[in-house]
Amino acid sequence: MSIGSPNQIPRPSTTQDAESTPAGLIEEIRAWKKAGLERQLAEPQGLDFTSNDYLGLSRHPAVVQAAASALMRYGAGAPAARLLRGELAPHRQAEMAAAQWQKQEAALLFPSGWQANQALISTFAGPEDVIFSDALNHASIIDGCRLSRAEVEVFGHRSLEDLEAALKRHPDARRRWIVTESVFSMDGDRAPLALYGEMARRYDAWLWVDEAHASGLFGPEGQGLCAVEKPQRLWAQTITGGKALGVSGAFVVGSSLMRKWLLNRGRAFVFTTAAPPATAAALQASMAVLQQEPERGHRARQNALELHRLLLAQGWRLPAPEAAIVPVPMADEETALATASRLQRDGFDVRAVRPPTVPRGSCRLRLVCHADHRPEQLQALSRALSKLPSESNSSLRLAIGKDGENRPPAPRGLLVAGTDTGVGKTVVSALLYWAANQKGLPAQYWKPIQTGSDSDTDTVADLLQGQASKFPSPAFAFPLPASIDQAAEQAGERVELSALTALAKQNLSPDRFWIAEGAGGLRVPLNDHEDQLDFFAALRLPVVLVARSGLGTLNHTLLSVEALQSHGLPLRALFLVGTPHEANEKSLRRRLPLPIFRLPQLPDLNPQSFADWAGKNDCSPLWT
C-alpha cells in the first residue's frame, strides 16, 4: 500500500457490536449523531475564513525557510524531553526572542498551548489556593484548574461584580489566582485586563492571561492585549504559536523565577517530548516578521470591522468585533451545519461551531478575518450570507417572529454618545445631520432626554440655519441641569428604561436616518438601577463616540469604548473635539481599529464650516 495514497487508508469499523465495545459507547455515539453533534474531519477547501492564521505567517517565506533550515540541521524532531537530551539551540533562541518581544525576563516553550496552560495552572496553584476563572475560558484552562486541585470559583463572563464578590469570599486563601483569556476564542470579545489587574492588586491576587487570540493583533509590536492594557499583578502570559504566529507550540512568559518553577515542577513540561527544533526556529522567524510588520494585526482587525459593516448593511444584527473574529449565531445545530455546508459550496471555508465547543443554544458560524483578505473577498462572503433564508439564523435584523409574522424594520441611523457632558455631542450631531442630508439620506435629529433649560434640539436647528425639518421633542425634558436620575427626581418624575424604549420605538420611524443624541456620558443613571447605556443597548443603533482631544482624556475615552463593547454596541467612529493632541490620537489609532475624526475649533459653526470640514474628511464609513 502506498503511504501517500489517502484513498487506501483503512477506515475504522462503524458497525461495532455490544460484545466488542465497552457498555454505553455505541448508544452515546448514536445520541451525538441524532443531536447533530457528531464531528467529521475535513481538509481545507475554499477561501479560508476559519483558521487562526490571522496574519498569514504560516506560509511566509522567512518562516518556511527557517523551519526548513532547522530540519536539515537538527532533523525531524527532538527525540527526548528537554531535560533528557531534547534541549537544542533553536529552543533557547526562540525563548529568548519571545521574552525580548514580550519585554519579560524569561519564556519557556511548550509543544502546544494546551500543555502550556496545563503546566502553568497546575504548577503554581494547589489545594490551599483559589482560582477565579471566567465562565467562558478555554477548555485547556478549565482542565488546568481541575488538575491543580485548587478551589475554583467560576465568575460571570467579564463580570467585575462577580469577580469581586468571589474574591471577597476567600480572604484566607494561601494564594489567589485570576485566570482569563484576553480575547475569547469563540466570541472574539476582550477581557477588561486593566480592571482585573486593579482587582488583583486590591485583593492580593495574581493574574494569568492566555493571549492566544490577541498576540499578533494588539500592541505596538503585536505582543497582545497585556502590552496595551498593562495590568497590575500579572504573573504569566501564554503566547500561542499556532494562531497569529502561524506555527504551533506556545510560550509561557514572565519572570525568571516563574520559568525556573515550570522547568523544575511543571509536569506538562518535564514529562513531554520537546517541540521539534523546526517549530522553534519557525517561531523565532515569525516573531521577527511580526515585529517588523506590526500593521498585519491592524489589517486583520480592520477586515473584521469591514465584514461586520457589510453584514450590518445586509440586515444582520451582530455585536461589533473586538478583535478578528466575527461570530454569526445560528438557530440550532442542524442549521449551523447546513449553513456552513452551503457557504462551502460557494467557495468559502466556513465551519459550524456547536456544543460542547460552545454552550448549548449558542451554535454559530465563527468567521475569522485575516490580514491578507481582500475587500472583494469580504464582499463576496457577505453576499453569500445575504442569500441565506431568514429562518436559517437567529441574527437577522428583519427576523421572522415566533408565529411567522414579519417584525417591523429596525430604525436606521447613528447614536451620538459622549464620554461626559459638554464634550461636543450637539455640534457633532448637527454636523452629522448636515452630512447625512448631503449624502442624500433622509436625516432626522432627536434628543430623547433633555436636562437643563438650554435646548439641544433648538441648538442643532440654529446651527443648521434653516436647513432642517422640524425636529421631534424629547421624550423627557427636565429643567435641572444634572444627571437624568437627579433631574427627574427634582421634577417629581422617574425615567424607566421600558417606557423610554417604547417611546423611542414609536418615534424612530424606519423611513428616516436618525441622528439620536445622548445626554451626558454613557453611564449616566436613568434611575437607581438602570442607566443610559442600557437604553443605548436597547436601541441597537451604531454609535459615534465623542471625546475631548486634550491631555488627560485617554483613560476616559478607552473606558467608554470598553463599556460600549461590553454591551455589544457597534462603534462606528470616534470624534476628538478640540485642539488636536497628536500623541493621544496616535495612541488611540494604535488601539482602536475604527475611523477617528478630528473636530478642531471651527471658525464659525454653520453649514459652510460643516462643508469645509467634510471636504477634508472621508465620512463614507459613517453611512454603511
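Residues numbered from 1 in each chain as written. Predicted model: local features only at pLDDT ≥ 70, side-chain atom pairs only at ≥ 80, totals over all residues. Heavy atoms only, no water.

1. Some words on the side chain of Gln377
Phase 1: Looking at the element boundaries, Gln377 is found in helix α15 (residues 375-386).
Phase 2: Accessibility expressed as a relative area gives 12% for Gln377, which makes it buried.
Phase 3: Here the side chain of Gln377 touches Arg374 through a polar contact of 2.9 Å, landing on its backbone nitrogen.
Phase 4: With residues up to four places along the chain from it excluded, the contact list for Gln377 reads Leu47, Phe49, Phe348 and Asp372. (Helix = DSSP H or I, 4+ residues; strand = E, 2+ residues; numbered from the N terminus. Buried < 20%, exposed > 50% of the residue type's maximum accessible area, 1.4 Å probe, protein only. Polar contact = N/O pair within 3.5 Å; in protein donor to acceptor, adjacent residues only side chain to side chain. Contact = heavy atoms within 4.5 Å.)

2. Some details on the sheet that holds strand β6 (residues 206-210)
Phase 1: One open sheet holds the seven strands; their spatial order is β2-β8-β7-β6-β5-β3-β4, and the pairing between them is mixed. With one partner strand each, in any of the chains shown, β2 (106-110) and β4 (151-155) form the two edges of the open sheet. When strand polarity is set aside, the average angle formed by the axes of neighbouring strands in this sheet is 20°.
Phase 2: Relative to β6, strand β5 (residues 176-181) runs parallel, the two being bridged by five bridges. Bridge pairing links Glu181 to Asp210 in β6.
Phase 3: Of the strands in this sheet, β2, β3 (130-134), β5, β6, β7 (234-240) and β8 (250-254) touch helix α5 (residues 113-124), which is tilted by about 165° from β7. (Pairing = 2+ DSSP bridges. Axes fitted to C-alpha atoms, helices over the stretch in contact; angles between N-to-C directions.)

3. Let's talk about the domain arrangement of the protein
Phase 1: Domain annotation for the protein reports domain 1 (44-53 + 295-397), domain 2 (61-290) and domain 3 (412-622).
Phase 2: Placing a centre on the C-alpha atoms of domain 2 and another on those of domain 3 gives a separation of 40 Å.
Phase 3: At the interface, six residues of domain 2 touch four residues of domain 3.
Phase 4: Here domain 2 meets domain 3 over a buried area of about 560 Å², counting both sides, of which 43% is carbon and sulfur.
Phase 5: Where domain 2 meets domain 3, there are zero salt bridges. (Domains from an automatic or database assignment. Buried area = accessible area lost by both parts, 1.4 Å probe. Salt bridge = Lys/Arg side-chain N within 4 Å of Asp/Glu carboxyl O.)

4. Regarding the packing of helix α19 (residues 497-507) against helix α20 (residues 532-539)
Phase 1: Where α19 meets α20, the closest approach of the two axes is 10 Å, and the angle between their N-to-C directions is 40°. The orientation of α19 relative to α20 falls into the category oblique. Our pair here, α19 against α20, has a crossing hand that is right-handed. Here Leu497, Leu500, Thr501 and Ala504 of α19 come into contact with α20, specifically with Asp534, Phe535, Ala538 and Leu539.
Phase 2: Taken together, the residues that form the contact of α19 with α20 break down as six nonpolar, one polar and one charged. (Parallel < 35°, antiparallel > 145°, perpendicular 65-115°, else oblique. Left-handed = near helix turned anticlockwise from the far one by under 90°. Nonpolar A, V, L, I, M, F, W, Y, C, P; charged D, E, K, R; others polar.)

5. Concerning the packing of aromatic side chains
Phase 1: Applying the stated criterion to the full structure yields 15 aromatic pairs.
Phase 2: An aromatic cluster is present here, built from Phe124, Trp177, Trp206, Trp208, Trp235 and Trp261 joined pairwise through their rings.
Phase 3: Above the plane of the ring of Trp206 lies Arg233, whose end atom (NZ or CZ) is 4.0 Å from the centre. (Phe/Tyr/Trp six-rings, centres within 6.5 Å; stacked < 30°, edge-to-face > 60°. Lys NZ or Arg CZ within 6 Å of the ring centre and 35° of its normal.)

6. Quick look at the environment of Phe535
Phase 1: Looking at the secondary structure, you find Phe535 in helix α20.
Phase 2: What makes Phe535 buried here is its relative accessible area of 2%.
Phase 3: Remark: the alpha-carbon pair of Phe535 and Arg360, spanning 175 residues in sequence, is separated by 28 Å.
Phase 4: With residues up to four places along the chain from it excluded, the contact list for Phe535 reads Pro448, Leu497, Leu500, Thr501, Ala504 and Leu526.

7. With respect to the pattern of salt bridges
Phase 1: Applying the stated criterion to the full structure yields 31 salt bridges.
Phase 2: A salt bridge links Arg494 to Glu496, with the shortest nitrogen-to-oxygen separation between them at 2.4 Å.
Phase 3: Taking the relative accessible area as the measure of exposure, Arg494 reaches 40% and is therefore partly exposed.
Phase 4: You can call Glu496 partly exposed: its relative accessible area is 27%.
Phase 5: For the salt bridge of Arg598 with Glu582, the shortest nitrogen-to-oxygen distance reads 2.8 Å. Taken as a pair, Arg598 in strand β20 (residues 596-599) and Glu582 in helix α22 (residues 582-591) lie far apart in primary sequence, 16 residues in all.
Phase 6: Assessed through its relative accessible area of 32%, Arg598 is described here as partly exposed.
Phase 7: Ionic contacts of the salt-bridge type, sharing partners, join the residues Arg82, Glu87, Arg92, Glu95 and Arg259 into one network.

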